[in-house]
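Chain by chain, the residues:
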Amino acid sequence: MAFEPPQRLVRALGEMPETAQDEDWLGQLPRLTEAALSRRGVRAQRVQAPGGRSSLVVLVTYADGTPAALKLAPPHARPDRELAALAHWGGFGAVRILDTRHHEDDGALLLERLHPEVSLRSLPEAKALLEASGTLRRLWVAPPAGHVWETVAERTGQQAAALRVAPAEVRALADTALAMREELVAAPLEELLLHGNFRQGKVLAGERAPWLTVGPDPLVGERAYDLARLVRDRLEDQVASSAGAAGARRRVNKLADALEVDRDRLRGWTLFRAVESGNRALAAGRRRDAELLLEFAAWL
C-alpha cells in the first residue's frame, strides 16, 4: 500500500527550520515505513487520516490479529524522547508501548491501538475539560535521575529568541510575554515530567482505560506550563463567544483551581505560549491562526 505523508505533516515540516533533513525523511518515508513494518512483523491496514502535524501513523495488526499502531516521526521530533516519556509513564494515563526492540534502528514507535476518531473534542466542553484535567494529573510525575528531556527554561529560551525579533504588529505582546517568561523561569516551582503539547485532541478513547493521551513533546518543569496549552483549547469558539477577556480569565482560574496550580503562573505561561504560537503562525503565513492566538493573548 502507499504510505504518503499527510498533508498536515508536509505543511508543518515546511514551517520548521530543519527543512533539508526533514525533506530527506519525507522522500524516504515509503521505504522507511515498509522497513519498520517488516522489522516488527506487523501488517498495515491503513494510514490514519487526516493525520497529524508531527508524524505518520499507520494502523497495523499482528499475525494473530491483535491491533496496534505504528508511528514514524521526523528526526527533529526526537522520537527517542517520546519513547522515554511513554516508558516512564508505563501506560498510566498515556498510550502504552508494545515493542521497543527496533526503535534504535529506525526511530519508529509501535503502540497500543486506541480509537483515533474519538478524542475529548467529541465531548461537550465542560465534560472534556474535566476528563482532560484528570488525564493530565496522571502524567505529572517526577522524572528519573539522568533524564534525557530539556527543561521548560531551555525550550522557552529558544522560543524567546524568535519573539525578540517579532514584527511590529506583535511587538507589544511579545515584550509582555518575554517579561513574563523571565519572571517565571527566575523562580521555578517544581521539576515534573510534562506532556509538553497537551490539549483535548491529544486524548483518545481506549480499551483498557476510557481516555489515554498520545503525542507528547516531553520536557521537565512546572505544571502551569503544561496546563497553559489546554487553556486555549477550542480557541475559535472562545473568541467567537460574547465572554471575551472575562471568559478567558475565568477559564484560567477554573483550570488553575481544579488542578491546584497558581493562577498567576498559569496566566503567565498561557500568555507566553499563545504569543509564541501566534508569532510562529504569522511567520508561516497562517494569518487567521495568528490573529486568533494574539487576540486571545491580549485578553490575558
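Residue numbers restart at each chain and count upward from 1, following the sequence in its written direction. In keeping with the model being predicted, local features are shown solely for residues with a pLDDT of at least 70 and side-chain atom pairs are shown and tallied solely at 80 or more, while totals for entire chains, interfaces and linings include all residues. The side-chain figures draw on all heavy atoms in the structure; neither hydrogens nor water molecules are used.

Peer 1: An account of the overall build of the chain is needed here, citing residue identities and associated values.
Peer 2: Assigned secondary structure in the chain consists of 12 helices and 10 strands. In terms of overall dimensions, the chain has a C-alpha envelope of 55 × 40 × 40 Å along the principal axes. Per-residue burial for the chain yields a buried fraction of 51% across its 300 residues. When checking whether two residues touch, look at their non-hydrogen atoms; a contact exists if any pair is within 4.5 Å. Of the contacts formed within the chain by residues at least 6 apart in sequence, a portion of 71% connects residues at least 24 apart. Method for areas: the Shrake-Rupley scheme with a 1.4 Å probe, in which residue coverage is limited to the protein chains shown. For the chain, the accessible surface area stands at approximately 13700 Å², while carbon and sulfur atoms represent 52% of it. Where the 41 positive side-chain charges of the chain centre and where its 41 negative ones centre are 3 Å apart. Strands are runs of DSSP state E lasting at least two residues, helices are runs of H or I lasting at least four, and both sets are numbered from the N terminus onward. Burial classes follow relative accessibility: with a 1.4 Å probe on protein chains only, a residue under 20% of its type's maximum area counts as buried, one over 50% as exposed, and anything between as partly exposed. The convention is simple: Lys and Arg are positive, Asp and Glu are negative, and His and the chain ends are not counted. Every charge is mapped onto a representative atom, which is NZ of Lys, CZ of Arg, CG of Asp or CD of Glu.

Peer 1: Let's hear about the sheet that holds strand S9 (residues 211-213): which residues, and what values?
Peer 2: Pairing is antiparallel in the open sheet, where 3 strands are placed in the order S6-S8-S9. The open sheet terminates on both sides in strands that have one partner only, identified here as strand S6 (115-119) and S9. Averaged over all adjacent pairs, the angle separating strand axes in this sheet is 55 degrees, with direction ignored. We treat two strands as partners when DSSP finds at least two bridges between them. Where S6 meets strand S8 (residues 203-205), 2 bridges bridge the pair, whose relative direction is antiparallel. Its bridge partner lying in S8, His115 is registered against Ala205. Axis geometry follows a simple rule: fit a line to the C-alpha atoms, using only the stretch in contact for helices, then measure angles between N-to-C directions, giving values from 0 to 180 degrees.

Peer 1: Please set out the layout of surface pockets residue by residue, giving values where relevant.
Peer 2: Over the atoms rolls a probe the size of a water molecule, and in doing so it shows where empty space is left. Here the term cavity refers to a set of points on a 1 Å grid, laid over the protein atoms alone, in which a 1.4 Å probe fits but cannot get out; the term pocket refers to an open set having protein on both sides within 12 Å along at least five of seven lines, with lining residues being those that place an atom within 4 Å of a point. Grid points are joined across faces, edges and corners, and a volume is the space filled by probe spheres set on the points. Reported here for the second largest pocket is a volume of approximately 210 Å³. Lining the second largest pocket are 14 residues, with Trp25, Ala73, Pro75, Asp106 and Gly107 sitting closest to its centre. Elements supplying a minimum of two residues to the lining of the second largest pocket: helix H2 (19-40), helix H3 (79-89) and helix H4 (103-106). The greatest single-element share of the lining of the second largest pocket, amounting to 5 residues, is contributed by H2. Charged means Asp, Glu, Lys or Arg here, nonpolar means Ala, Val, Leu, Ile, Met, Phe, Trp, Tyr, Cys or Pro, and polar covers whatever is left, Gly included. When grouped by side-chain class, the residues that make up the lining of the second largest pocket number 7 nonpolar, 4 polar and 3 charged.

Peer 1: Residues and numbers for the nonpolar core, please.
Peer 2: Ranked by internal contacts, the top residues of the largest apolar core, which has 73 residues, are Leu227, Leu266, Trp269, Val275 and Phe296. It is helix H11 (residues 263-283) that contributes the most residues to this core, 8 residues altogether. Those residues in contact with Phe296, other than ones at most four positions away along the chain, are Val231, Arg232, Leu235, Gln238, Ala248, Thr270 and Ala274. One finds Leu26, Leu29, Ala36 and Val58 within the second-largest nonpolar core, a separate group that totals 18 residues. Residues enter a nonpolar core if they are buried and are Ala, Val, Leu, Ile, Met, Phe, Trp, Tyr or Cys, with the set joined through side-chain atoms within 4.5 Å.

Peer 1: Before we move on, can you summarise the side chain of Lys71 with the specific residues and values?
Peer 2: As for its position among the elements, Lys71 is in strand S3 (residues 67-72). At a separation of 2.9 Å, a polar atom in the side chain of Lys71 contacts the side chain of Glu82. For this analysis, a polar contact is any N or O atom pair within 3.5 Å, provided that within protein one partner can donate a hydrogen and the other can accept it, and provided that sequence-adjacent residues contribute only side-chain to side-chain pairs.

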